[in-house]
Amino acid sequence: MRVLIAGAGIGGLTAALALHAAGIEASLVEGARDIRPLGVGINLLPHAVRELTDLGLGDDLARIGVAITENVYCDRFGATLFTEKRGLAGGYDRPQYAVHRGRLQMLLLSAVRERLGPGAVRTGARLTGFTQDTDSVRAALVGGTESAADILVGADGLHSAVRSQLHPDQGPLAWSGVRMWRGVTERRPFLGGESMLIARGAGVVARGAGSEAGRELIAYPIGPDLINWVAQVQVADPGPLPGDAIWNLPGRPEDVLRHIGHWKLGLLDVPALIADSSMILEYPMVDRDPLPSWGSGRVTLLGDAAHPMYPLGANGASQAIVDARALADALAGAGGPAGLAAYEKSRREATAAVVAANRELHAGVGARTPAELARITEHYRRVTGADRPRHNRPHHDAPQHDRHH
């Protein structure tokens, strides 16, 4: 069985490694000509760390990541509202790692080329469409070339060409009304260097130039003397994403500072954190309603292409990694369309629950008391399957093949 994966991001690369570990031939096509370590920070939850550890990458994750031990919620004056233990400190059997997205992608890319061969990832080969019959699928690539396989997996992100062909009437992305800025700044660690800080404006979510509500700053370390930060500001009512929306463009420090530059957190100098950032990206916080089905026949979706979700709760990349494991297990059990049907059955409802939970988590941004925050975070863990009892249970359904070769 030959599996072709469109997209060499975190989900696609992990899927290639998981399929290879299951004894299934896999290759990738990627639109970028050069895959470079771009981006900012992300968090990998313990269930995602477990899957990557099963693939033999646990030591590498420990080398490139920072183990987060707590989330600290505070107000815009720096007063602590609630502290939540995370990773090993929170009773999980795996750490939670904060990593630079680009470094993680390079780690996965190196592992794919080492294990699957240097030609396993074909760059400058953006997928533009596909055709399929009962026996195979053919992917059309930019430049007029084609690539044939038994299975096609669309791991080509939020603007997936595979998803667009499978679901041509999906409409625009759903916008939360929040604009996000992300940046990376060289700074000494705060709170011991293993904490995620979540600072919030006062009151319930509402708009208005003088309102602190709907504003949030998240900051956490992703390496020695390197802090990732995310600023979120409610600027509009939720609705369809406008066609002229700014997307992943370089952001300006002054645009962020006019919203949160006056915050006094004490342990973190907010104006300096923003102004000294080596890069700032600006984009809208979006998702999509869950699909009734992901794929058709010999074609399916994975990661953001399958279930775009608000980038909250550290679940975007983590869910893509879990998708990859589920896909490999399902195809190892039953090849072709039957395997893809089993994969979707195991993941579609679970990821739909995460999409809904992320919306609820965003709606709870106005929570202020320790009791409210404790209730919201516990509910989120339970709904997304990240609560300790389920996470720490043994993998009774783990396949018997060698997941480290």
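These numbers come from a predicted model, not from an experiment.

Draft legend 1. Highlighting the overall build of the chain. The helix and strand inventory of the chain stands at 11 helices and 20 strands. Taking 405 residues into account, the globule formula puts the C-alpha radius of gyration at 22 Å, and the chain, at 21 Å, falls close to it. Of all 405 residues assigned to the chain, the portion counted as buried reaches 55%. If you take every contact in the chain between residues at least 6 apart in sequence, the share linking residues at least 24 apart comes to 75%. If you sum the accessible surface of the chain, you get close to 16,600 Å²; carbon and sulfur atoms cover 52% of it.

Draft legend 2. Seen up close, the pattern of salt bridges. Tallied over the entire structure, the rule returns 17 salt bridges. Taking the shortest distance from any N to any O, the salt bridge between arginine 179 and glutamate 282 comes out at 2.9 Å. Here arginine 179 is found in strand S13 (residues 174–186), whereas its partner glutamate 282 is found in strand S19 (residues 279–287), with 103 residues between them in sequence. Exposure class is identical for arginine 179 and glutamate 282. Each is buried.

Draft legend 3. Up close: the sheet that holds strand S2 (residues 25–29). An order of S8-S2-S1-S12-S20 is seen for the 5 strands of this open sheet, with the pairing classed as parallel. Of all the strands in the sheet, just strand S8 (121–122) and strand S20 (299–301) have a single pairing partner and so form its edges. Direction of pairing for S2 relative to S8: parallel, over a ladder of 2 bridges. Bridge pairing in S8 places leucine 28 opposite valine 121. Strands in contact with helix H9 (residues 336–363) are strand S12 (151–154) and S20; relative to S20, the strand with the most contacts, it is inclined by about 20°.

Draft legend 4. Representation of the packing of H9 against helix H10 (residues 370–383) in the model. For the pair H9 and H10, interaxial distance at closest approach is 9 Å and the crossing angle is 170°. By the criterion of interaxial angle, the relationship of H9 to H10 is roughly antiparallel. Packed against H9, whose contacting residues are Ala353, Val354, Ala357, Asn358, Glu360 and Leu361, the element H10 presents Ile376, His379, Tyr380 and Val383 at the interface. By residue class, the composition of the contact of H9 with H10 is 7 nonpolar, 2 polar and 1 charged.

Draft legend 5. Highlighting the environment of tryptophan 181. Among the structural elements, tryptophan 181 can be located in strand S13. Relative accessible area serves as the criterion here: at 3%, tryptophan 181 is assigned to the buried category. A sequence separation of 72 residues divides tryptophan 181 from proline 253, and the C-alpha atoms of the two residues are 9.2 Å apart. The residues touching tryptophan 181, leaving out its near neighbours within four places in the chain, are Trp229, Val230, Ala231, Val233, Gly251, Asp255, Val256, His259, Ile280, Leu281 and Glu282.

Draft legend 6. View of the packing of aromatic side chains. Scanning the entire structure with this criterion turns up 2 aromatic pairs. For the ring pair tyrosine 73 and phenylalanine 82, a centre distance of 5.9 Å and an interplane angle of 40° mean the geometry is tilted. Just as tyrosine 73 is buried, phenylalanine 82 falls in that class too.

What counts as what
- Residues numbered from 1 in each chain as written.
- Predicted model: local features only at pLDDT ≥ 70, side-chain atom pairs only at ≥ 80, totals over all residues.
- Heavy atoms only, no water.
- Helix = DSSP H or I, 4+ residues; strand = E, 2+ residues; numbered from the N terminus.
- Rg over C-alpha atoms; globule rule 2.2 N^0.38 Å.
- Buried < 20%, exposed > 50% of the residue type's maximum accessible area, 1.4 Å probe, protein only.
- Contact = heavy atoms within 4.5 Å.
- Areas by Shrake-Rupley, 256 points an atom, 1.4 Å probe, with all protein chains shown as cover.
- Salt bridge = Lys/Arg side-chain N within 4 Å of Asp/Glu carboxyl O.
- Pairing = 2+ DSSP bridges.
- Axes fitted to C-alpha atoms, helices over the stretch in contact; angles between N-to-C directions.
- Parallel < 35°, antiparallel > 145°, perpendicular 65-115°, else oblique.
- Nonpolar A, V, L, I, M, F, W, Y, C, P; charged D, E, K, R; others polar.
- Phe/Tyr/Trp six-rings, centres within 6.5 Å; stacked < 30°, edge-to-face > 60°.

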